[in-house]
Amino acid sequence: MKPLNLAAPLLLAAAALGLGACASLDGWQSPHARIPVGTTITLNQDLSIPSGHARVFMQDGRVIPKSAVNIYYPHCNFEVSTVSDGSGRIGADRFLVTGTRQGYVEVVRGPAASVQVAAVGLVMAGEDAGGPPPMSRLVHYRLHAERQPDVRGLTCHGGMAEEWEAAYPTLDEMRQVLGGIVSLGD
């Protein structure tokens with residue numbers, strides 16, 4: 001009887017398992033997961049859009065004014081196409097994720113500023129003048145709802161940090177930021 005050569009089938013099975021493990025990194029349980037295109041996001045309450053704005057900000061499970069956002073911690077915002085005159089709102093609804101992209105924003109450092117304190121002129125400069133500026137990595141989800149075509153998307157930031165520390169927000173962080181206001185494909 002001829003011995004079986006199992007090397008090729010075992011190698012193929014190992015490769016398939018390895019590829020399956022890679023694919024699961026993008027699953028809902030991975031800290032690097034993103035909300036997939038085709039997923040439904042549910043806004044559980046109406047959101048008022050402040051006058052002169054086209055975005056509504058959320059952090060720690062609450063709707064907050066833009067001026068109250070702590071940019072060093074994860075935060076999200078809904079965006080519409082039209083700047084509000086004070087009567088703008090986004091109604092509770094289900095939105096389809098039609099696209100997603102990752103990006104970042106940077107804080108541009110200007111030249112050193114002169115500040116007077118007790119009649120003494122001080123020059124303030126960045127701790128590492130000339131280094132890369134602080135940044136916030138973000139994920140933008142393009143949204144669609146038949147009844148609310150003005151709603152453009154949901155953007156979530158991981159929080160402002162130095163370039164080597166800046167991270168995209170995880171799904172768990174987004175859920176914490178949005179609290180009961182928004183359900184992510186649940």
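Right above here is the structure, for reference.
Residues numbered from 1 in each chain as written. Predicted model: local features only at pLDDT ≥ 70, side-chain atom pairs only at ≥ 80, totals over all residues. Heavy atoms only, no water.

A.B. asks: I keep staring at helix 2 (residues 171-178) and nothing clicks. Help me out?
C.D. replies: For an α-helix, 3.6 residues make a turn, and residues three or four places apart therefore share a direction. The set of residues buried in helix 2 consists of Leu-171, Met-174, Val-177 and Leu-178. An end-on view of helix 2 places all buried positions within 120° of arc, on one side of the element. Turned more than 90 degrees away from the buried face of helix 2, the exposed residues are Asp-172 and Gln-176. Among the structural elements, strand 3 (55-59), strand 4 (62-64), strand 5 (75-80), strand 10 (135-144), strand 11 (151-157) and strand 12 (182-184) are those in contact with the buried residues of helix 2. Once helix 2 ends, the next one or two residues include Gly-179, with phi positive near 50°. (Buried < 20%, exposed > 50% of the residue type's maximum accessible area, 1.4 Å probe, protein only. Helix = DSSP H or I, 4+ residues; strand = E, 2+ residues; numbered from the N terminus. Arc of directions from axis to C-beta. Contact = heavy atoms within 4.5 Å.)

A.B. asks: Please explain the packing of aromatic side chains as it appears in this structure.
C.D. replies: Each pair of aromatic rings is reported with the distance of its centres and the angle of its planes. According to the stated counting rule, one finds 1 aromatic pair in the structure shown. Measuring from centroid to centroid gives 6.1 Å for Phe-78 and Phe-95, while their planes differ by 45°, and the two rings are tilted. Of the two residues, Phe-78 sits in strand 5 while Phe-95 sits in strand 7 (residues 93-106), which places them 17 residues apart along the sequence. Each member of the pair, Phe-78 as well as Phe-95, carries the same accessibility label: buried. (Phe/Tyr/Trp six-rings, centres within 6.5 Å; stacked < 30°, edge-to-face > 60°.)

A.B. asks: Please clarify how the sheet that holds strand 12 should be interpreted in this entry.
C.D. replies: Sheet strands pair by backbone hydrogen bonding; their relative direction is either parallel or antiparallel. Ordered by their spatial adjacency, 8 strands build an open sheet running 4-3-5-11-10-7-1-12, and the pairing between neighbours is antiparallel. Each having just a single partner strand, strand 4 and strand 12 make up the two edges of the open sheet. The sheet shows a mean angle of 35° between the axes of neighbouring strands, taken without regard to direction. Here strand 3 runs beside strand 4; their pairing, made up of 3 bridges, is antiparallel. By the bridge assignment, Gln-59 is partnered in strand 4 with Arg-62. (Pairing = 2+ DSSP bridges. Axes fitted to C-alpha atoms, helices over the stretch in contact; angles between N-to-C directions.)

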